[in-house]
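Residue-level structure breakdown
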Amino acid sequence: MKILLSIFLFAILLFSCKNDNKITFSEPIIEENKCTNCPVIEINIPNALPTSKTARTINTALKEELILLLTFDDEKEVSSIETAIASFKNAFLELKEMHINEAIEWEAIINGEVIYENKYVITILLNSYIFTGGAHGYSSITYLNFNKDKGVEFENWELFKDKEGFTKLVEAKFRAQENMKEKTPINATGFMFEDNVFVLPENIGFTEEGMQLRYNPYEVASYADGSILINLSYSEIEKYLTIKIE
């Protein structure tokens, strides 16, 4: 009986050790849609429970992204999500007051989710839609990657030990996906890479299946082309990575 109890306690301890590095999240929903004459503002992002440096870094990074998306007054310092929401709302109300007889509708819908986590890295995907008039709104997806060992956000270049080799791999994948021959100029079919030179997208993130690279609308193509997504398996990219994938 004592032997069985010892095995049971050891199993619990082993399970705890394997999971003590996992970030714990809650998912608050912030909604600002309380009156007929207000913009639609819906925010649903994960909130890391601040028990580690990594958790605090995640919350700060998400806050900064929301402030960037919602702030409309560059002259005022915005340091909180609440202030950013107020900035978006006030800009809408000022415009509506100037065009009192026109139907004006604004929207800000922002959702975030954890799409990958192991012992070394955690990736959060931020999906946003902002409409402030015009023919259409703007949708974008942002990947945020965090170094769990150091408790900091990764810069994209830090993910790769051979960025040049990785870029060649992605360009080959991109060309195959877009039915472009190897020697064809990268902008020959209407893309808008600067100086006609292929570059990696700003948005790169990890998933359970592999790595995603995404060009948001207007980055290298027109709005009508939408976002361009490149998927790479871990078997393809493992040798280029500075981090371990388990």
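Figured I'd write up the structure that's included with this text. Sequence order as written defines the numbering, with residues in each chain counted from 1. Only residues with pLDDT of at least 70 get local features here, since the model is predicted, and only at 80 or more are side-chain atom pairs given and counted; chain-wide, interface and lining totals rely on the full set of residues. Heavy atoms from the whole structure form the basis of all side-chain values; hydrogens and water molecules are not counted.

1. Notes on the sheet that holds strand β6 (residues 121-131)
In this description, strands pair whenever DSSP reports at least two bridges between them. In DSSP terms, a helix is any run of H or I states spanning at least four residues, a strand is any run of E spanning at least two, and both are numbered starting from the N terminus. Spatially, β2-β3-β5-β6-β7-β8 is the arrangement adopted by the six strands of the open sheet, whose pairing is mixed. Looking at the sheet topology across the chains shown, the edges are occupied by β2 (29-32) and β8 (152-153). Alignment of strand β7 (residues 138-147) against β8, held across two bridges, turns out to be antiparallel. Residue pairing across strands places Phe146 opposite Glu153, the latter belonging to β8.

2. Observations regarding the pairing of β7
Each residue gets one of three labels from its accessible area relative to the maximum for its type: buried under 20%, exposed over 50%, partly exposed in between, using a 1.4 Å probe on protein chains only. Counted residue by residue, β7 has eight buried out of 10 residues, so it is predominantly covered. Pairing analysis gives 10 bridges linking β6 to β7, with the strands arranged antiparallel. Among the inter-strand pairings, Val121 is bridged to a residue of β7, identified as Asn147. Hairpin remark: β6 followed by β7, antiparallel, with six residues in the connecting loop; positive phi at Gly133, about 100°.

3. Here's the deal with helix α4 (residues 163-177)
An ideal rise of 1.5 Å per residue puts 21 Å on 15 residues; α4 measures up with 21 Å between its terminal C-alpha atoms. Restricting attention to buried positions, one finds in α4 the residues Gly165, Phe166, Thr167, Val170, Phe174 and Arg175. By the convention used here, residues are in contact when the closest approach between their heavy atoms is within 4.5 Å. Buried residues along α4 sit against β10 (210-215), β11 (228-233) and α5 (234-237). Immediately beyond the C-terminal end of α4, within one or two residues, lies Asn179, with a positive phi of roughly 55°. What a helix is expected to span follows from its residue count: subtract one and scale by 1.5 Å.

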